[in-house]
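Architecture and fold: a report
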Amino acid sequence: MTLTPNWKLKKPPHLNWVLLPFLSLLTLSLSDPRIYEAALLCGPTATAAAAAPPPQKNFSYIPAFVKEMELLSQQVYTNNWGHTAVNSTGVIPIYALAHCHDDLPHTDCLLCYAVARTRLPHCLPALSGRVYLDGCFLRYDRYDFFGESVDPVRDSVNCTDSGRRGGGVARGAEFNSSVGDLIDNVTQTAVANGGFAAGEVKGVFGLAVCWKTVSSAGCRDCLEKAANDVRDCLPGGEGRGLNAGCYLRYSTHNFLQNEAGNLHQGESATGFIVAIALAATTFFMFSLFAIYACYVRLPRLKQERNNLGQISASFNKSSLNFKYEALEKATDYFNPSRKIGQGGAGSVFKGTLPNRETIAVKRLFYNTRQWVDDFFNEVNLISGIQHKNLVKLLGCSIEGPESLLVYEYVPNKNLDQFLFDKDKSQNVNWKQRLDIIVGIAEGLAYLHGGSETRIIHRDIKGSNVLLDENLAPKIADFGLARCFAADKSHLSTGIAGTLGYMAPEYLVRGQLTEKADVYSYGVLVLEIICGRKSHAFVEDSCSLLQSVWQLYKTNRLPESIDPRLNGDFPAKEASRVLQIGLLCTQASVALRPSMEEVVDMLINRDDEIPVPNQPPFLTASALNPASSDRSCSVNSLILNALTKMGASGTSTESSTMPSSDEPSRSV
């Protein structure tokens, strides 16, 4: 048997800062960084469970975790291992350890640590986590575990190609004996040799390593336990013991790094020259890109800072400013059980203030570049708007780790959930549906002209209409809203909204007017009356708009009304409201009524309703009365609308393509 002593392959320190950012771009094939993930273990440990702070405060743990990883990275960069502790007042303490195996070259250690660093945050917001890679180990916890050698709860074994555990390759007693000899030798040598040993016996390779924070006695206890556990993998060809204070591995594959230590001088020099050349070239290109990106993004970044500055200046001096900590407590630290909604911009939680007022707290996501714009819109546009059919903004918080919006709490579900619940348990009668239709119209009419600012919502759909205790509708989610002066006829803007509710002129040309909201409202009216979702593109059935138009042309509109009403509705009035919905969805912007006119038509029920023209997304073949409802297909839609939209190049906002009933809001 041959044993490999404790050694490290060091690069010149002044080169490491150049090489490190580009490790993922360079393939030098000098060695194997051993980044296979043997285990990722998350959650509280039994040792500290009783003394730990309550789990609802987990989110205050995250900033400390980030700080801890920054400190740890500096130590790993210098020493190939490190351990740190952050114990700030009022914050849950956090301890962290990173440790590369002693045979791993410095550059490979940095790469292994970088991979571990990307995996460990998957444990958040759990208060502890550890990840074992084949070349390194990374752990954080809420107590001082540095001297810990074994953990009966979390210690584990990883076996591959195993006989007892997986029915792998059949191997005899000689193989088992070789593995036993190897395990005994590397564990004993590691204890006597400062915590590391590696070797080979008859084609079986092994490695034992203890963390440098573990005592000699702890190292012995840890490796003895790991040796017993790993023998459980026999006659398998691979076994790993994964303990709190050590790592033990045997394998029929030669994973050891000793070849890298015997590189010839010329090979090493050539490798460094290639690395430096590639790194320098990449750094130069990256610098040019960074300069260009900063030049292009600078005006937008300034605007974002101005937006936040305006919000901070105005709200910090007003009663609309909420403390982040107060909203944390109000929502039980954003307990999942308090979650009442999920949208493309964030999650909504139910909260209770100290005065027992119930509120809804919207927690904004930060994973898109336009979160500042969305936040600015919601606060700046509607903070001064009050209408019985608009959700009232009570305030916001921008001083904590994330931005929060505070709204009045609306007890019932959103309209989509109320109408299209899977078990169809919610049966809304005709009068309630009509009142909802009228209320939404009045809210939109107010946005379009009832206040000093003209506001276009841009995302009118059922999931953005909430219902109070009396089923009165309240329009919500103003993140995509836009405002413009009275002397402007339209805005040219990027495409954002939900497919199926977007007006054709906006979808194709990015031309935005109040009539875009009118179109979306018309689609929603048809959904409310027909009890059926409006799917924009369907392969095997007609769209809702097509079905209603066909029935209108054949004087059979009542047939489209939701069968759950069981015929309990005035057929003439229902047909009239459906006709108003078709008026709102006409292809021509000029022919669509304003929301003020819609309100008038809904309230003054004796007035004559104009005859609607053909809606968009239809062809003449789709209007054949002989065709059944199921004969419609995607060919009856204007498919080149998307092609034109792509060719227009007008979009200035992030673009995804959700279905019409997804919570995401942009296309």
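Here is a short report on the structure shown in this document. (Residues numbered from 1 in each chain as written. Predicted model: local features only at pLDDT ≥ 70, side-chain atom pairs only at ≥ 80, totals over all residues. Heavy atoms only, no water.)

A few words now on empty space enclosed by the protein. On inspection of all chains with the given rule, the structure shows 4 cavities of 30 Å³ or more. R458, Y501, M502, A516 and S520 are the residues nearest the centre of the second largest cavity, which is lined by 13 residues in total. It is helix α14 (residues 514-530) that contributes the most residues to the lining of the second largest cavity, 3 residues altogether. Grouping the amino acids of the lining of the second largest cavity by side-chain chemistry returns 7 nonpolar, 3 polar and 3 charged. (1 Å grid on protein atoms, 1.4 Å probe; cavity = no way out; pocket = protein on both sides within 12 Å on 5 of 7 lines; lining within 4 Å. Points joined across faces, edges and corners; volume = space filled by probe spheres on them. Helix = DSSP H or I, 4+ residues; strand = E, 2+ residues; numbered from the N terminus. Nonpolar A, V, L, I, M, F, W, Y, C, P; charged D, E, K, R; others polar.)

What the 5 strands build is an open sheet, ordered β2-β5-β6-β4-β3; its pairing is antiparallel. Edge positions in the open sheet fall to β2 (37-42) and β3 (81-86), since each of these has one partner strand only. Pairwise comparison of adjacent strand axes, ignoring direction, gives a mean angle of 5° for this sheet. Examined bridge by bridge, β2 and strand β5 (residues 129-133) share 5 bridges and lie antiparallel to one another. When the sheet's bridge partners are listed, C42 is paired in β5 with G129. Against the sheet, helix α3 (residues 106-119) touches β2, β4 (94-100), β5 and β6 (136-141), its axis set at about 40° to β6. (Pairing = 2+ DSSP bridges. Axes fitted to C-alpha atoms, helices over the stretch in contact; angles between N-to-C directions. Contact = heavy atoms within 4.5 Å.)

Attention now goes to the nonpolar core. Counting 79 residues, the largest nonpolar core has L415, I440, Y521, V598 and L602 as its most contacted members. Looking at which element gives the most residues to this core, the answer is α14, with 11 residues. Among residues more than four places away in sequence, those in contact with I440 are L415, V465, P473, I475, Y521, L524 and I528. Core analysis: the next-biggest nonpolar cluster, separate from the first, contains 45 residues, V186, F196, V204 and C246 among them. (Core = buried A, V, L, I, M, F, W, Y, C linked by side-chain atoms within 4.5 Å. Buried < 20%, exposed > 50% of the residue type's maximum accessible area, 1.4 Å probe, protein only.)

Overall, the coordinates contain 6 disulfides when judged by the stated rule. Here C42 is linked by a disulfide to C123, with a sulfur-sulfur distance of 1.9 Å. Around the S-S axis, the bridge from C42 to C123 shows a dihedral of about -65° and counts as left-handed. Here C123 lies in the loop between α3 and β5 and C42 lies in strand β2, a separation of 81 residues in the sequence. For C42, a relative accessible area of 30% gives the class partly exposed. Sulfur-sulfur distance for the disulfide between C210 and C219 comes to 2.0 Å. Around the S-S axis, the bridge from C210 to C219 shows a dihedral of about 80° and counts as right-handed. (Disulfide = S-S within 2.5 Å.)

The analysis is restricted to geometry; functional conclusions fall outside its scope.
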